[in-house]
Amino acid sequence: MHYFTIKDNRLWAEEVLVEDIVKEYGTPIYIYSARTLKRHYHAFDSAFYAIPHIICFSVKCNSNIHVLKTLKEEGAGADIVSGGELYRALRAEIDPQKIVFSGVGKQEHEIKEGLFADILMFNVESLDELMKINEIALSLNKKARISFRINPDVDPKTHPYISTGLKENKFGIDINDAIYAYKSAKELKGVEPIGIDCHIGSQLTEITPFLDALEKLKILYSELKEIGINIKYLDLGGGLGIQYKEEEPPHPKEFGEALSKSLTGYPLTLILEPGRVIAGNAGVLVTKVIYTKETENKNFLIVDAGMNDLIRPALYGSYHRISEVTPKGRPPKKYDVVGPICESGDFLAKDRELPEIHAGELLCVFSAGAYGFVMSSQYNSRPRAAEVMVSGDSFYLIRERETYRDLTYLEEKINF
Ligand code: LLP
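Each value, and the rule that gives it
- Residues numbered from 1 in each chain as written.
- Predicted model: local features only at pLDDT ≥ 70, side-chain atom pairs only at ≥ 80, totals over all residues.
- Heavy atoms only, no water.
- Near = heavy atom within 4 Å.
- Polar contact = N/O pair within 3.5 Å; in protein donor to acceptor, adjacent residues only side chain to side chain.
- Areas by Shrake-Rupley, 256 points an atom, 1.4 Å probe, with all protein chains shown as cover.
- 1 Å grid on protein atoms, 1.4 Å probe; cavity = no way out; pocket = protein on both sides within 12 Å on 5 of 7 lines; lining within 4 Å.
- Sits in = over half its atoms within 2 Å of the grid points.
- Nonpolar A, V, L, I, M, F, W, Y, C, P; charged D, E, K, R; others polar.
- Domains from an automatic or database assignment.
- Axes fitted to C-alpha atoms, helices over the stretch in contact; angles between N-to-C directions.
- Helix = DSSP H or I, 4+ residues; strand = E, 2+ residues; numbered from the N terminus.
- Parallel < 35°, antiparallel > 145°, perpendicular 65-115°, else oblique.
- Left-handed = near helix turned anticlockwise from the far one by under 90°.
- Contact = heavy atoms within 4.5 Å.
- Core = buried A, V, L, I, M, F, W, Y, C linked by side-chain atoms within 4.5 Å.
- Buried < 20%, exposed > 50% of the residue type's maximum accessible area, 1.4 Å probe, protein only.
- pLDDT = per-residue confidence, 0-100.
- Pairing = 2+ DSSP bridges.

Participant: Explanation requested: the site of the ligand in the structure shown.
Facilitator: Surveying the vicinity of the ligand reveals 18 residues, the closest of which are Ser202, Glu273, Arg312, Tyr316 and Tyr371. Between Gly239 and the ligand, the recorded distance is 2.8 Å, taken from a backbone N or O atom to an oxygen atom. Note that a nitrogen atom of the ligand is positioned 2.7 Å from one of the side-chain N or O atoms of Tyr316. Protein coverage of the free-state accessible area of the ligand, which is 590 Å², stands at 91%. For the ligand, the cavity whose grid points lie within 2 Å of the majority of its atoms is the largest pocket. Of the residues assigned to the shell around the ligand, the class counts are five nonpolar, seven polar and six charged. Mapped onto the domain boundaries, the shell around the ligand takes at least three residues apiece from domain 1 (4-32 + 280-412) and domain 2 (34-276).

Here it is in structure tokens:
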């Protein structure tokens, strides 16, 4: 459920007319709904009421510090994968004791930053990384709390680019090598193994793969207990899917109930790293049609948002629902909605049936709150879009539109 709705032939974001936001800040523009973010956070969080848990919002999916702050105020922690994300999480005043640091390639300076911030734990992805964290912690006279990211070899049945828990993926430690990894960690003075972690993929629309992974982690938990390694946290990662088109992902309530049931009786705190399920449908991208163009085979809507603004359709062939911002009730027509970038892959939708649209009109691209702005670039020297937060009947800029100066700023520091 989100708060972007058509009422009286106008698109509203909560109690704000989307046209009014565009009048003030132009297009292309990302618009987020604070009420939706909060609603999604609470739906997820309350689903786990029966067991101890921490919800660490996955910063990679939407790292705007105002989005992070909104969620932090509702109680969220953060799942981070870089020093930059740690910086953002701390700027948003997220409690370091609710921050977990994942990622296959943590650099020395990033490990130090995590240790100085005293984050809850590092999700370690290789023995090499374990040694590095130990060495750095010892040099700083600290002890790093760690978990190992276990690759449980479970098929998440999602797009291959976003499936991460299969044997062939680069992520985590093979479950068969896990005991050895924990034993090695126990010998080291600079680390303390406190958790087991896994993340099997993103945009999952079934609960079974999560439960399968959880079963494997529970067995590992018991085996570790037998050899005197007491685990306190079980981190099951993120990955719960959302509806873009006709998917029917489980409701967080169903997800929470199933996991809580499976963990009853285990003295563990469950950590979850949801991203998309919180932010995905809490954001839209609004774009203006610059030209329409009809060829023998196709009708094109050429819009002012390109693959540099929203890369998901080009990269994964993802479907994003598109609607008019001010529905005119014209008869339907089939369109390719394309951006201004010089690549054939620059499209937001292909063969999409929409009401007839004219140049100058606004379109809304839905489900753009996760992996939208964060994956945008300046390709073709296009300044990045602005971001706006709506809350009730007010809206405010949370990231200014970039300018031409932002394109060359770092280059002009150097004489040429
Ligand atoms: N935790 C870890 C370790 C992850 O790698 C991810 C996502 C998450 C949590 C959050 O997953 P979520 O709840 O959002 O599914 N760019 C792709 C998605 C990449 C996901 C990467 N990892 C897309 O646009 O679909």
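Participant: Teacher, can you tell me more about the packing of helix α2 (residues 34-46) against helix α3 (residues 65-73) here?
Facilitator: The packing of two helices is summarised by the inter-axis angle and the distance between the axes. Between α2 and α3, whose axes approach to 10 Å, the crossing angle comes to 45°. Judged by the angle between their axes, α2 and α3 are oblique. For α2 against α3, the interelement crossing comes out right-handed. Here Ala34, Leu37, Lys38 and Tyr41 of α2 lie close against α3, whose contacting residues are Val67, Thr70 and Leu71. When the residues that make up the contact of α2 with α3 are grouped by side-chain class, the tally is five nonpolar, one polar and one charged.

Participant: Is there a simple way to explain the nonpolar core in this structure?
Facilitator: Note that soluble globular proteins tend to have their nonpolar side chains buried in a common cluster. The biggest cluster of nonpolar side chains holds 98 residues, and the ones touching the most others in it are Phe48, Phe122, Ile146 and Phe148. Per-element accounting of this core gives the leading share, seven residues, to helix α8 (residues 208-226). Each of two domains, domain 1 (4-32 + 280-412) and domain 2 (34-276), supplies a minimum of three residues to this core. In this structure Ile146 touches Met121, Phe122, Val124, Leu130, Ile133, Ala185, Val191, Glu192, Pro193, Ile194 and Gly195, once residues within four positions along its chain are discounted. Judged by nonpolar contacts, the second largest core, of 18 residues, contains Phe4, Leu11, Val284 and Leu362.

Participant: Before we go on, may I ask you to explain the confidence of the model for the protein chain in this structure?
Facilitator: In this model, the protein chain carries an average pLDDT of 96, and 97% of its residues clear a pLDDT of 70 or more. Element-level mean pLDDT values for the protein chain span from 94 in strand β10 (residues 173-174) up to 99 in strand β4 (residues 29-33).

Participant: Any chance you could explain the sheet that holds strand β3 (residues 16-17) here in plain terms?
Facilitator: In a beta sheet, neighbouring strands are held together by backbone hydrogen bonds and run either parallel or antiparallel to one another. Here we have three strands laid out as an open sheet, ordered β1-β2-β3, and antiparallel in their pairing. Edge positions in the open sheet fall to β1 (4-7) and β3, since each of these has one partner strand only. Strand direction decides the pairing type here: β1 and strand β2 (residues 10-13), joined by four bridges, are antiparallel. In the sheet register, Thr5 faces β2, and the bridge partner there is Trp12.

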